[in-house]
Amino acid sequence: MQYQSSRGNSPQVSASQAIINGIAPDGGLYIPEQIPSLSKEDFINWGSLSYQGRAEAVLRRFLTDFTPMEISCCVQAAYNELNFDNAGIAPLAELSPRLHMLELWHGPTSAFKDMALQILPQLLTTSMRKTGEKSQIVILVATSGDTGKAALEGFRDVEGTRIVVFYPAQGVSQIQRLQMITQAGENVNVAGVEGNFDDAQNGVKRIFADQDFIALLAQNNLKMSSANSINWGRLLPQIVYYLSAYADLLQQGRLEYGEEVNIVVPTGNFGNILGAYYAREMGLPVNRLICAANANNILTDFINSGVYDRNRPFYKTISPSMDILISSNLERLLAEVSGRDYRQVNDWMKQLATSGRYEVNEPVRDRIQALFWSDFADDVQTIEAIRKTWDQYQYLVDTHTAVALHVYERYQEKTGDTRTTIIASTASPFKFGSSVAEAILPEAIRAGKDEFSLIGYLAEWTGYEIPRGIRDLDKLPVLHDTTTSPAEMRNTVARFLNL
Ligand SMILES: *Cc1c(COP(=O)(O)O)cnc(C)c1O
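Residues numbered from 1 in each chain as written. Predicted model: local features only at pLDDT ≥ 70, side-chain atom pairs only at ≥ 80, totals over all residues. Heavy atoms only, no water.

Peer 1: Explain unusual backbone geometry to me, please; I cannot follow it from the model alone.
Peer 2: Residues apart from glycine generally show negative phi values, whereas peptide bonds are mostly found in trans. Backbone geometry places Phe270, a non-glycine residue, at a positive phi of 70°. Inspection of the secondary structure puts Phe270 in the loop between β9 (261-266) and α12 (271-282). One non-glycine residue, Gln394, lies in positive phi territory at about 50°. The residue Gln394 is located in the loop between α17 (379-393) and α18 (399-415) in this model. (Helix = DSSP H or I, 4+ residues; strand = E, 2+ residues; numbered from the N terminus.)

What follows is the structure in structure tokens.
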């Protein structure tokens, strides 16, 4: 199977080449030339397979230039009990027979990004071997908080790679920042950017498009690639867990095959929910994909109106991994729902770059609205959702997952739909401990406590265990103290690479 650019002006490439390139030469995102479909038997058979077995089955259909052995090695190296603290890898927690939490945070950094970033380095190094790539790969990452740490953990000391992570210096939680600036590894660099996530992401995109810099890297036998969710190797693993969740529900007798489910995803860059979209295109029976946003509700407005307009204030919220105004992966959805009208996609993306706004045509808007539903939660509603979920189910959720729970409640109020629903639970509650503590701990316990003592109280109060990657974070040495302006990001990379 070959991969094409969502803007239509790049040569088709193999899966391994698409993973190495990250972004297509015309600035578009790679999409598979066709989407493989799954049968009833696939879902039924998966009932008796482990998560790893299911992942292999899905990856084989997309990575057709990989051997089954190569895929198996990648999967086993990523999804094992050294890296994940739950044997199910992406287990379901049942709140009620029709409401299931898909826990995507059992990996080393306690957020769903691990699901893709534990396997991406494996896919990338295998791709390099297959294509005879001799350059060292430099992974450039812009992070709103969780991708950075997950990418650092995934790529640390992976031979043939270097990794540079940029995070918004004032835009991440204390835990997120500590996770990054204490990162060990011979091939890792981290810098804070004076700006928000969009500034960091735009800075990285500028470096990717900088032909002089690309030439300079080439002279030094270096080549850039991306671990952001624009890379197909990031997106593909995110298809697996939705299919796996359905197989689990079939296996548990909670569903009959063919019964449609709703899937709720707290959304920022549109990568996670796009995984669910592709799962549906492969044959997962889905009624609605519910896109839950925070106060940066650009996607809610887009889904409800067909107008994407980033000319609006940017809010810092308590769900920082969703504080995004340019959702890169939406471009892939536009390519798909426009019937791969690449010229049209090109046009919209040009308008977005020049005026910050575009409006899709009616057929595209209608197709999006037939499948997606969207609303948002502000910070007060988010805190309230954490408290309610704890009171009602004794189940503790982080701020991002709480956004999804709030929006799902709105969806039920508005539609009366009581179908079986899967909610993507995207981070451990301890990763955003102070907000979670605010929601459920009495004021008297919280007063004057710092983040780490709050996490301790939270564990005591709930009986939940603090994930090992967070437990002793305040005792690790700080190894990275660089900050940079958006304009200086290229020079910062050059300095890190000794160019
Ligand atoms: C990244 C992230 C999200 C948003 O996912 P996208 O793929 O960017 O839409 C939601 N929750 C958490 C905890 C995240 O880390």
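Peer 1: Just checking my understanding: could you explain empty space enclosed by the protein for this structure?
Peer 2: If a probe as big as a water molecule is rolled over the atoms, it shows which places are left empty. In this structure the tally under the stated criterion is three cavities of 30 Å³ or more. For the lining of the largest cavity, the secondary-structure elements that each account for two or more residues are α7 (146-155), α11 (232-251), β9 and α12. The element best represented in the lining of the largest cavity is α12, accounting for three residues. In terms of residue class, the lining of the largest cavity is built from eleven nonpolar, 14 polar and three charged. In this structure, the second largest cavity occupies an estimated 60 Å³ of space. Around the second largest cavity sit Ala142, Gln201, Val204, Lys205, Phe208, Ser226, Asn228, Ile230 and Ser328, which together line it. (1 Å grid on protein atoms, 1.4 Å probe; cavity = no way out; pocket = protein on both sides within 12 Å on 5 of 7 lines; lining within 4 Å. Points joined across faces, edges and corners; volume = space filled by probe spheres on them. Nonpolar A, V, L, I, M, F, W, Y, C, P; charged D, E, K, R; others polar.)

Peer 1: Just checking my understanding: could you explain the pairing of strand β14 (residues 421-425) for this structure?
Peer 2: Side chains on a regular strand alternate between the two faces of the sheet. A large share of β14 lies buried, amounting to five of its five residues. Side chains Thr421, Ile423 and Ser425 of β14 all project onto a buried face; the interleaved residues Ile422 and Ala424 project onto the opposite face, where all are buried too. Looking at chain direction, β9 and β14 are connected through three bridges and run parallel. Each residue of the ladder has a partner; that of Ile263, found in β14, is Ile422. (Buried < 20%, exposed > 50% of the residue type's maximum accessible area, 1.4 Å probe, protein only. Pairing = 2+ DSSP bridges.)

Peer 1: For this particular structure, what's the right way to read the sheet that holds strand β4 (residues 99-103)?
Peer 2: Pairing between the strands of a sheet comes from backbone hydrogen bonds, and it takes one of two forms, parallel or antiparallel. The strand order β3-β4-β14-β9-β10-β13 describes an open sheet built from six strands, whose pairing is mixed. Every interior strand has two partners, whereas the edge strands, β3 (92-96) and β13 (372-376), have only one. Averaged over all pairs of adjacent strands, the angle between strand axes in this sheet comes to 25°, irrespective of strand direction. (Axes fitted to C-alpha atoms, helices over the stretch in contact; angles between N-to-C directions.)

Peer 1: Which parts of the structure should I look at to understand the layout of surface pockets?
Peer 2: Roughly 1,000 Å³ of internal volume is contained in the largest pocket. What lines the largest pocket is a set of 35 residues, and nearest its centre among them are Ile23, Gly27, Lys205, Phe208 and Ala209. Those elements giving two or more residues to the lining of the largest pocket turn out to be α1 (15-21), α9 (197-208), α10 (211-219), β8 (222-226), α14 (330-337) and α15 (342-355). A per-element tally of the lining of the largest pocket places α15 first, with five residues. Per-class residue counts for the lining of the largest pocket are 20 nonpolar, eight polar and seven charged. In this structure, the second largest pocket occupies an estimated 420 Å³ of space. Around the second largest pocket, the lining comprises 24 residues; the ones closest to its centre are Pro108, Lys149, Glu153, Arg156 and Gly469. Residue assignment for the lining of the second largest pocket shows that the elements contributing at least two residues are α7 and α22 (468-471). Partitioning the lining of the second largest pocket into residue classes produces nine nonpolar, nine polar and six charged.

So yeah, pure geometry; function would need other evidence.
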